[in-house]
Amino acid sequence: MIKVLVADNHPIVRIGLETALKKNDIVEIIGNVSTTSELFSVLSSKQPDVVLLEMDIPEVNGITALRKLKRDYGNVKVLIYSGKPEDVYALSTLRAGASGYVSKTAPIETLTGAIEKVAEGGMFITNELAQRLAFDESTNKPRKLFRKLSTREVEVLKLLSAGKRNKQVAEELNLNEKTVSTYKARLMRKLNVDNMVDMLQQAKALELY
């Protein structure tokens, strides 16, 4: 049995996953948590094979939580399970240490298959995403631009899009304000904009908020 810990802030998702996954003889849900503090508290006493992690779990930015998890619990595989657009976020989370990315719109069979694959040491992305990454889509320019961003740039853009000021972004990501300003300049250059309003419009097009 593959031991899975569910980390998601929506009770109905946690209940639904536990109900759906317990119907097979492959996955055992050993617990579920709704915040990052709960997640790391459980990890200090339990050792799941796979953590099913929602990008927007409260308290700590999802990518930051992923980095910490991989640093402190390197043997635990992380599968991102999120409603956020796959072609926007999958690459950033894989770069940060995730073993796969599954959309919440995917069938339960896809999720089960992904859990099996990452538990065995593999990496999971959908065929559709693999094709999109293999071929540039000239009709989808915002997402093509987005794929040029580093994981840290994605984090900064997401926090700025949430209305946070440079100081708040710096505190959350453990950076100094000057570094955040540097990231903002890079973001504007990579997204082909020259002001914050246009940059946030790009973020909106990318469904960051």
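The structure contained in this document is the topic of the report that follows. (Residues numbered from 1 in each chain as written. Predicted model: local features only at pLDDT ≥ 70, side-chain atom pairs only at ≥ 80, totals over all residues. Heavy atoms only, no water.)

## Concerning the nonpolar core
- Ranked by size, the top nonpolar core spans 41 residues in total, and within it Leu39, Leu43, Val51, Leu53, Leu69 and Met199 carry the most contacts.
- Sort the elements by how many residues they give to this core and helix α8 (residues 151-161) lands first, with five residues.
- With residues near it in sequence (within four places) discarded, Leu53 still touches Ala7, Leu39, Gly62, Leu66, Val78, Leu79, Ile80 and Tyr81.
- Listed in part, the 18 residues of the second largest apolar core include Ile2, Val4, Tyr81 and Ile115. (Core = buried A, V, L, I, M, F, W, Y, C linked by side-chain atoms within 4.5 Å. Buried < 20%, exposed > 50% of the residue type's maximum accessible area, 1.4 Å probe, protein only. Helix = DSSP H or I, 4+ residues; strand = E, 2+ residues; numbered from the N terminus. Contact = heavy atoms within 4.5 Å.)

## Side note on the side chain of Asn166
- Residue position: Asn166 is located in helix α9 (residues 166-173).
- A polar side-chain atom of Asn166 sits 3.3 Å from a polar atom in the side chain of Ser181.
- Within the structure, Asn166 has its side chain in polar contact with the side chain of Lys184 (distance 3.2 Å).
- Apart from residues lying up to four places away in sequence, Asn166 is in contact with Leu160, Glu177, Val180, Ser181 and Lys184. (Polar contact = N/O pair within 3.5 Å; in protein donor to acceptor, adjacent residues only side chain to side chain.)

## A look at the environment of Ile108
- With respect to the element layout, Ile108 can be found in helix α5 (residues 108-119).
- Using a relative accessible area of 30% as the deciding quantity, one classes Ile108 as partly exposed.
- Separated by 88 residues in sequence, Ile108 and Ala20 have C-alpha atoms that sit 7.4 Å apart.
- Leave out the neighbours within four places in its chain, and Ile108 touches Leu17, Ala20 and Leu21.

## A word on the pairing of strand β3 (residues 50-53)
- What you see with β3 is no split at all: Val50 and Leu52 on one side and Val51 and Leu53 on the other are buried throughout.
- Pairing of β3 with strand β4 (residues 77-82) involves four bridges; the strand directions are parallel. Looking at β4, one finds that Val50 is bridged to Lys77. (Pairing = 2+ DSSP bridges.)

## Points about the environment of Asn195
- Residue position: Asn195 is located in the loop between α10 (177-190) and α11 (196-205).
- On a C-alpha basis, the gap between Asn195 and Lys184 in space is 9.7 Å, while along the polypeptide they are eleven residues apart.

## Let's talk about the packing of aromatic side chains
- This structure, assessed with the given rule, holds zero aromatic pairs.
- Taking NZ or CZ as reference, Lys68 lies 5.0 Å from the ring centre of Phe40, over its face. (Phe/Tyr/Trp six-rings, centres within 6.5 Å; stacked < 30°, edge-to-face > 60°. Lys NZ or Arg CZ within 6 Å of the ring centre and 35° of its normal.)

Taken by themselves, the reported measurements are silent on function.
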